[in-house]
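# Structural overview
Listed here are the chains, written in short residue letters.
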Amino acid sequence: MSLLPERVDRMLLLGAHSSDIAVGAGGALLELCRAHPGVRVQALVLIGGGSLREEEERSALAAFCPGGRLEVSVLDLPDGRVPSRWERAKLALEEMRSHGEPDIIFAPSVVDARPDHRTLAGLVPTVFSDQLTLGYEILSGRAEPAPPTAYLPLAEPVLREKVAKLHEHYGSQRDRSWFDAEVFGGLARLRGVRCHARYAEAFHVAEFVLGVAALRGLDPEG
């Protein structure tokens, strides 16, 4: 069953840290931006403003959103302190909402163990209650990721492109134990097995609505 809308005019990308969005949903961005030339892509990152991380993020998202009309905002909230700065984060989300409603949102997952990620994930439905929101997953050494609920198959060339772009644009992260091709490829292979594909990205979907008209089309009795 497909959850992605047939038409995507505007996407909203949300991340606590630089690299979160590309690591969690880089393959999806490559696929969607190429499938919908000229799509408006707005990105909000809470941490890293005014630093090298902001420069990396702007460069990376431009590469991950080919053909998209990209707008990037990077705030300077302190790392590890988003839970105590939630009001500023929510105001930034509300500002994004004032520009119109996105067709699809990529954001951290509500089951992410990291407080910065989980706080942002919890704020999203308080501002965007009627949009398809896909919570991307990011591996960490703290806990095993919770089983995802939605999958986006990736062709091998797309996965290779994603990994190459991650290493090209996020030089500050290359010494991280989780930031390497084996980790990215291994998780994508595991998620691919779950959806009968070679590779995939996986997401958490809290809730969605089934269209009655669409389901009626599947009923042989009308």
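The paragraphs below set out a description of the structure included in this document.

The rules behind the values
- Residues numbered from 1 in each chain as written.
- Predicted model: local features only at pLDDT ≥ 70, side-chain atom pairs only at ≥ 80, totals over all residues.
- Heavy atoms only, no water.
- Pairing = 2+ DSSP bridges.
- Helix = DSSP H or I, 4+ residues; strand = E, 2+ residues; numbered from the N terminus.
- Right-handed = clockwise from strand over helix to strand, strands pointing away.
- Buried < 20%, exposed > 50% of the residue type's maximum accessible area, 1.4 Å probe, protein only.
- Phe/Tyr/Trp six-rings, centres within 6.5 Å; stacked < 30°, edge-to-face > 60°.
- Axes fitted to C-alpha atoms, helices over the stretch in contact; angles between N-to-C directions.
- Core = buried A, V, L, I, M, F, W, Y, C linked by side-chain atoms within 4.5 Å.
- Salt bridge = Lys/Arg side-chain N within 4 Å of Asp/Glu carboxyl O.

## Examining the pairing of strand E3 (residues 69–74)
- Here strand E2 (residues 40–45) pairs with E3 via 6 bridges, running parallel. Counted as the bridge partner of Ala43 is Val72 from E3.
- In this view, the connection linking E2 to its parallel neighbour E3 by way of helix H2 (residues 52–64) has right-handed handedness.

## Considerations on unusual backbone geometry
- Of note in the backbone geometry, Ser19 takes a positive phi value of approximately 90 degrees without being a glycine.
- Relative to the assigned elements, Ser19 resides in the loop between strand E1 (10–15) and helix H1 (20–35).
- If you check the backbone angles, His196 has positive phi at about 60 degrees while not being a glycine.
- For His196, the position within the fold is in the loop between helix H6 (181–194) and strand E7 (199–204).
- The exposure class of His196 is exposed, given its relative accessible area of 79%.

## Concerning the packing of aromatic side chains
- Using the criterion set out here, one finds 3 aromatic pairs in the structure.
- For the ring pair Phe106 and Phe203, a centre distance of 5.6 Å and an interplane angle of 55 degrees mean the geometry is tilted. Taken together, the residues Phe106 in strand E4 (residues 104–108) and Phe203 in strand E7 connect sequence positions 97 residues apart. The two residues Phe106 and Phe203 agree in class, both being buried.
- Judged by centre distance (5.3 Å) and plane angle (85 degrees), the rings of Phe179 and Phe184 are edge-to-face. Both residues of the pair, Phe179 and Phe184, count as buried.
- Among the aromatic residues, those joined into a ring-pair cluster are Trp178, Phe179 and Phe184.

## Re the sheet that holds E3
- On the basis of which strands lie adjacent, the open sheet formed by 7 strands has the order E3-E2-E1-E4-E5-E7-E6 and mixed pairing. The sheet is open, and its two borders are formed by E3 and strand E6 (150–154), each paired with just one other strand. Across the sheet, the mean angle from the axis of one strand to that of its neighbour is 25 degrees, orientation sign disregarded.
- As paired elements, E4 and strand E5 (residues 132–136) share 5 bridges and run parallel to each other.

## Observations regarding the nonpolar core
- Core analysis: the largest hydrophobic core is formed by 42 residues, its most contacted members being Met11, Leu13, Leu29, Ile104, Phe106, Leu166 and Phe203.
- With 9 residues, the single largest contributor to this core is H1.
- Counting residues in each nonpolar core, the second largest holds 19 residues, with Leu12, Leu77, Ala89 and Leu123 among its members.

## Section: the pattern of salt bridges
- Following the criterion strictly, the structure yields 12 salt bridges and no others.
- For Arg7, the salt bridge is made with Asp9, and the minimal N-O distance between the two is 3.0 Å.
- Accessibility expressed as a relative area gives 39% for Asp9, which makes it partly exposed.
- Notably, a salt bridge pairs Glu161 with Arg34, separated by 2.6 Å at the nearest N-O pair. Taken as a pair, Glu161 in helix H5 (residues 156–169) and Arg34 in helix H1 lie far apart in primary sequence, 127 residues in all.
- By relative accessible area, Arg34 is classed as partly exposed at 44%.
- Each of the salt bridges in this network shares a partner with another, and the network as a whole consists of Arg34, Glu161 and Lys165.

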